[in-house]
Amino acid sequence: MSSASLNVEIRRIRDLAPGIREFSLSRTDGDDFPVYSGGSHIVLSLPLGERTHRNPYSLLGDPTDRKTWRVAVRKQEDSRGGSRWLHEQAREGMRIDIAAPVNLFALNRLGRRHILVAGGIGITPILSQARELARLGADFEVHYAYRAPEYGVFVDELEALAPGRIHHYVQSRREQIEFSSLLAGRPLGTHFYICGPGGMVAASMNAGKALGWPESHLHSEQFLAPTGGEPFDVKLTASGKAFTVPSDLSLLEAIEQQGVDAPYLCRGGACGQCELEVVDASGELIHHDLYLSAEERASGKKIMPCVSRLKGGCLTLNL
Amino acid sequence: MTIAFKPDETFRGTYTYRNSPKGIRRFPFPFHQDQYMYSVNMEPHTKGPEGSVFENAFDIDEHYIAEMRDRAITLERDPGRCVSLPHMMDAEWDTLELIMESLSRDYPELFTLTKDGDRWHWVNKPLGIDQTFTFGNAATLPCPPFEYITRQTQGDFVIMDQRDNNLFADSGMITSQADWSLMFDAGMSFMEWHGPVPLAHELGVFERALKYLLMLQQGRPVRRLNWTMTINPRLDTSPETYPEWGPDRASVTPDNVGDKVHLRVELQALFRLPRSNGMLFSIRGYLASMNELATYPRWAKRLHRVLSTLPNELAEYKGLVRYKPTTLEWLSKFDDGEVLPAGTQPE
Amino acid sequence: MSTPAIKSQPIYAELEWDRTGTHHILFVSAEDAALAQRLLSNPPGGTLTVVHLRPADDSRSAWSQNLPDTALYLETHTLAEALEVLRDAFYVAQMGTRIYLAGAEDAIWQASQLADTFGVSRDEIRHAQLGTKARPVFCVHCRTITRGVHTNIVSCSGCGRSLFVRDHFSRRLGAYMGFQIDAEVPGEVPAAEVVYP
Ligand code: FES
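Residues numbered from 1 in each chain as written. Chains lettered and ligands numbered in written order. Predicted model: local features only at pLDDT ≥ 70, side-chain atom pairs only at ≥ 80, totals over all residues. Heavy atoms only, no water.

**Re the overall build of chain C**
Rule in force here: Secondary structure counts use DSSP, requiring at least four H or I residues in a row for a helix and at least two E residues in a row for a strand, with both numbered from the N terminus. Only C-alpha atoms enter the radius of gyration; for comparison, a globular chain is expected to reach 2.2 Å times N to the power 0.38, where N is the number of residues. Three labels apply to residues, based on accessible area from a 1.4 Å probe with only protein chains included: buried if under 20% of the type maximum, exposed if over 50%, partly exposed otherwise in between.
When its secondary structure is counted, chain C shows three helices and ten strands. Beginning at the N terminus, the succession of helices and strands in chain C can be written as β-α-β-β-α-β-α-β-β-β-β-β-β. The globule rule puts the C-alpha radius of gyration for 197 residues at 16 Å, and the 18 Å found for chain C is close to it. Considering only C-alpha atoms, chain C reaches an extent of 60 × 35 × 30 Å along its principal axes. Across the 197 residues that make up chain C, the buried fraction comes to 52%.

**A word on the UniProt feature "domain: Dimethylamine monooxygenase subunit DmmA-like C-terminal" (unreviewed entry) in chain C**
What counts, and what does not: UniProt positions are given in the numbering used here, feature names are shortened, and annotations may be inferred rather than shown by experiment.
On the UniProt side, "domain: Dimethylamine monooxygenase subunit DmmA-like C-terminal" (unreviewed entry) is annotated at positions that read residues 137–178 of chain C here. Helix makes up 0% of residues 137–178 of chain C and strand 57%, with an end-to-end C-alpha separation of 6 Å.

**Comments concerning helix α2 (residues 64–77) of chain B**
Rule in force here: A helix is expected to span 1.5 Å multiplied by its residue count minus one.
End to end, α2 of chain B covers 20 Å across 14 residues, agreeing with the expected 20 Å (1.5 Å per residue, within 8%). When α2 of chain B is considered as a whole, its buried residues turn out to be Tyr64, Ile65, Ala66, Glu67, Met68, Asp70, Arg71, Thr74 and Leu75 of chain B.

**Examining the nonpolar core**
Convention followed: The criterion is simple. A nonpolar core is a set of buried Ala, Val, Leu, Ile, Met, Phe, Trp, Tyr and Cys residues joined through side-chain atoms within 4.5 Å. For this analysis, residues touch if any pair of their heavy atoms sits within 4.5 Å.
Counting 114 residues, the largest nonpolar core has Leu96, Trp227, Met229, Leu263, Met290 and Leu303 of chain B as its most contacted members. In contact with leucine 303 of chain B, not counting residues within four places along its chain, are Phe29, Phe31, Met229, Leu263, Met290, Leu293 and Leu331 of chain B. Listed in part, the 33 residues of the second largest apolar core include Trp109, Ala111, Phe118 and Cys139 of chain C.

**Notes on the interface of chain B and chain C**
Note the following rule: Buried area: the sum, over both parts, of the accessible surface (1.4 Å probe) that disappears when the two are put together. For this document, the term salt bridge refers to a Lys or Arg side-chain nitrogen within 4 Å of an Asp or Glu carboxyl oxygen. Whenever two N or O atoms come within 3.5 Å, that pair is a polar contact, provided that in protein one can donate a hydrogen and the other can accept it, and provided that, for residues adjacent in sequence, both atoms are side-chain atoms.
With 29 residues of chain B at the interface, the matching set in chain C holds 27 residues. Carbon and sulfur atoms supply 58% of the area buried between chain B and chain C, which totals about 2300 Å² over both sides. Of all residues in chain B, Phe184, Glu192 and Tyr242 of chain B give up the largest surface area on contact with chain C, accounting jointly for 30% of the area buried on that side. Where chain B touches chain C, the interface holds five salt bridges. Arginine 122 of chain C is paired through a salt bridge with glutamate 192 of chain B; the nearest N and O atoms lie 2.8 Å apart. One can count twelve residue pairs in polar contact (both at pLDDT 80 or more) joining chain B with chain C. At the level of elements, α5 (182–185), α6 (190–193) and α8 (242–245) of chain B are the ones that each hand at least two residues to the side of chain B that touches chain C.

**Notes on the domain arrangement of chain C**
All names here are of chain C. Short version of the rule: What fixes the domain bounds is an automatic or database domain assignment.
The assigned domain composition of chain C is domain 1 (23–129) and domain 2 (135–180). Centre-to-centre separation of domain 1 and domain 2, based on C-alpha positions: 26 Å. At the interface, seven residues of domain 1 touch nine residues of domain 2. Buried area between domain 1 and domain 2, both sides added, is near 780 Å², and the carbon and sulfur share of it is 48%. In terms of surface lost to domain 2, no three residues of domain 1 exceed Glu105, Asp106 and Trp109, which account for 58% of the buried area on that side. For the pair domain 1 and domain 2, the number of links is one salt bridge. When the shortest N-O distance is used, the salt bridge between aspartate 106 and arginine 147 registers 2.5 Å. Looking at which element gives the most residues to the side of domain 1 that touches domain 2, the answer is helix α3 (residues 105–116), with five residues.

**Considerations on the pattern of salt bridges**
Evaluation of the coordinates by the stated rule reveals 62 salt bridges over all chains. Among the salt bridges present, the one from arginine 27 of chain A reaches aspartate 31 of chain A, with a minimum N-O distance of 3.9 Å. On the basis of relative accessible area, arginine 27 of chain A is assigned to the buried category, the value being 16%. Classification of aspartate 31 of chain A by relative accessible area gives partly exposed; the value is 48%. Arginine 163 of chain B is paired through a salt bridge with aspartate 161 of chain B; the nearest N and O atoms lie 2.7 Å apart.

**Here we look at the pairing of strand β6 (residues 156–163) of chain B**
Summarising burial for β6 of chain B: eight of the eight residues are buried, a large majority. Because side chains alternate across β6 of chain B, one face comprises the buried residues Asp156, Val158, Met160 and Gln162 of chain B, and the other comprises Phe157, Ile159, Asp161 and Arg163 of chain B, equally buried.

**Description of the sheet that holds strand β16 (residues 309–317) of chain A**
Whether parallel or antiparallel, the strands of a sheet pair through hydrogen bonds between backbone atoms. All names here are of chain A. Inclusion rule: In this scheme, strands are said to pair when DSSP sees at least two bridges between them.
In spatial order, the strands read β13-β12-β16-β14-β15; together these five strands make up an open sheet with mixed pairing. A strand with exactly one partner marks an edge of an open sheet, and here the two such strands are β13 (241–245) and β15 (302–303). Here four bridges tie strand β12 (residues 232–236) to β16, and the two strands are oriented parallel to one another. Bridged to valine 234 within β16 is leucine 315.

**Section: the environment of alanine 56 of chain C**
Residue and element names in this part refer to chain C. Mapped onto the secondary structure, alanine 56 falls in the loop between β2 (47–53) and β3 (72–76). Here alanine 56 falls in the exposed class, since its relative accessible area comes to 67%. On a C-alpha basis, the gap between alanine 56 and tyrosine 196 in space is 26 Å, while along the polypeptide they are 140 residues apart.

**Topic: the interface of chain A and chain C**
Contact with chain A, which involves 17 residues of that partner, is made by 18 residues of chain C. Together chain A and chain C conceal approximately 1300 Å² of surface at their shared face, both sides included; 56% is due to carbon and sulfur atoms. Among the residues chain A hides against chain C, the three largest losses belong to Arg112, Leu188 and Pro214 of chain A. Together they make up 43% of the total. Counting every contact that joins chain A to chain C gives zero salt bridges. Taken together, the connections running from chain A to chain C amount to eight residue pairs in polar contact (both at pLDDT 80 or more).

**Points about the pairing of strand β10 (residues 190–195) of chain A**
Residue and element names in this part refer to chain A. The criterion, for reference: For crossovers, right-handed means that the path from the first strand over the helix to the second runs clockwise, given strands pointing away from the viewer.
Taken across its six residues, β10 has six buried, putting it largely inside the fold. Both faces of β10 are covered, namely the face carrying Thr190, Phe192 and Ile194 and the face carrying His191, Tyr193 and Cys195. Here strand β7 (residues 113–119) runs beside β10; their pairing, made up of six bridges, is parallel. Note that in β10 the partner of histidine 114 across the bridge is histidine 191. As paired strands, β10 and strand β11 (residues 218–220) are joined by three bridges and run parallel to one another. Looking at the pairing, tyrosine 193 lines up with histidine 219 of β11. On the question of chirality, the crossover connecting β10 to the parallel β11 by way of helix α5 (residues 198–210) is right-handed.

**Structural notes on the packing of aromatic side chains**
Residue and element names in this part refer to chain A. Here is the rule: Between the rings of Phe, Tyr and Trp (Trp by its six-membered ring), a pair exists once the centres lie within 6.5 Å; its type follows the angle of the planes, with under 30 degrees stacked, over 60 edge-to-face, and the other angles tilted.
Counted under the stated rule, the structure contains 37 aromatic pairs over all chains. Here the aromatic rings of phenylalanine 192 and tryptophan 213 are separated by 6.4 Å at their centres, their planes lie at 75 degrees, and the arrangement is edge-to-face. With phenylalanine 192 in strand β10 and tryptophan 213 in the loop between α5 and β11, the pair connects residues that are 21 residues apart, well separated along the chain. Residues phenylalanine 192 and tryptophan 213 agree in their burial class; the two are buried.

Here it is as structure tokens:
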């Protein structure tokens, strides 16, 4: 599943505020980046010890800039290590792999007005959305909340983009977004987009629902679920192989790496071609496919190896 | 690889369209087995074997020039075959970019694209087009970007907008369709648009396909084959012109089956579009007459079995009912009952 | 309510208030005393605007009786007038509004097209077929919409072809698809039957 990955060099690291760093990336093969749509994110593969760590980050720059992609990362002390690595180990000139952009936080192009809200580092996808809306000449406004003036990173970029349409809420000045008034009295066809801390997102969604906003007009940032997972052991009865599926390969890919011919078509859990018979599973089958019925899943006898895996233990397959 | 174009062949009136032996050999025969049923038969649209229809993202073949002329005739008669709703402009440019980049990369001797920032220079040698324009500025092209590029690319095209966890057919260039009307279907959701297809909904095919497609990623297009049958090598089998081609279905006789009845295969590919987050759906059609197909008896046998076991709902939906018996009778001459292993390849 | 053979054909659920909404706009163009009674006796919270299309001579209508005090009732007598009034209502409407369109398919889908131009999504709007089952039919050959079609085969008001009325429905056009029934064998036109009374 790595066909669309790109190798990039960290060209520039900027400290934007305490605990917030921006990384500018460019392709190592010298080619242009593709463009992307506002709200897109990429997944960075970070070399944490012997393990690769995959972290999603929103692209924040100009979606039409083909030379440089930018992400901003806040250091999270309790993180599993990705943001720590980026803050402590990453250096300019280092090379990493990234996956092509995915957008699960896209603008609705039929919207007649767009309200964008960012809390802290949540400004990153909002920035690319704002650029897109500005380019399209759409009706939009940005509400940006941050801890203290020095945390208002990208304020200048935003102001340049949409003068007069940026509203600031600085926590140290006791300013706060009142979602029930922000969302009240908006004309039909208005869309709301938010990226920020969990509590803030939940508060905005609740306010929207209380005002009767339908789900289709309330958008919050989503990342693609990571494709890999925990490593697990596999035995193939017919071909007599035994091996471990590493965290960054699918079961199907791991089987293929063993030189075993396994059927497949879509490689995305939809077609049903790759179905394999489970002989034994010590551990929990994690089904990610769109194909098996609830009964088939419950039987524990089938798995779609292109997307599904085992949590803990060993999986024995008839192959 | 050079392509020997057949610029003068026609898809109406005189119907001089024919496949060269090379064209027949690369025909994307769709039947792996002796029976056919809908499934989510999608797979990654990766580079296929050299010379095959899967070799490139957008396949250009010997019929290119003639097909583009036929499209121009259809559009001249009915500009409504190209529809694009106003919110699709970014997706139009996405499509133009994807196609120009693919064609100039895959067929450098036929198409060239040079960029100087937003100033783009496009040369299409087979059609004699040399155009300089500003990317993103529709006024610098003779017509809107989607229409511009799809007038120069074989196959029909739909662009779907993704919103509300659904895909909407909001743009299209449809001049060689299997009897569906873009003017009528434009703006429909994925399920509505596929509404008339029998049996597949009940099998959950569209539901799974939609979920799969919603997650389609940039740089990882997917493809599938679909098929129907057409009388005469006609591209414009639209509902709009049904009164023109409908009578042909009643014109099939045992003597003319081989020439008149065509298997029509669609190579459908889906591409995530970068700046709009939309999805380009290309529907590249291939036509082969029964005579042409029967140059490979394996195909004739297979088709005979598929048609004889085809559920009635499907035969009706595909419009085969009137001429299916005559066609089966003709194909039966080739079918000696030999057991055919799975696979679509010719002998 | 049976499942339609063609998935684009609208399915009309029993009309209910969507109580997650905070403003409600109801357009009705046909009588249904039981429905009016059920809906109006238990109105939703928030504002309610009723746009009523009724013949000028109709003295009593269940839709104008028993209106909650808070409801704004707007009476109109032609579809064009009703659509104008609806346009004004949509123009001033706020997010949180739910739209209910009840009546003949021709009227409710024209109102629905209007709502689309305001960026209204599908989860903000409900449709209910009341009264006549007559269909608007879009001729794929000449692109004329023939309205008030009761039969399975109809002569196109634009080009005169005998159209078969298919269950395939376009929300954008607000019409069912019609195509020439005798295209394969000209003149072979079965007798039309009343199927949309
Ligand atoms: S390959 Fe299609 S479901 Fe696994």
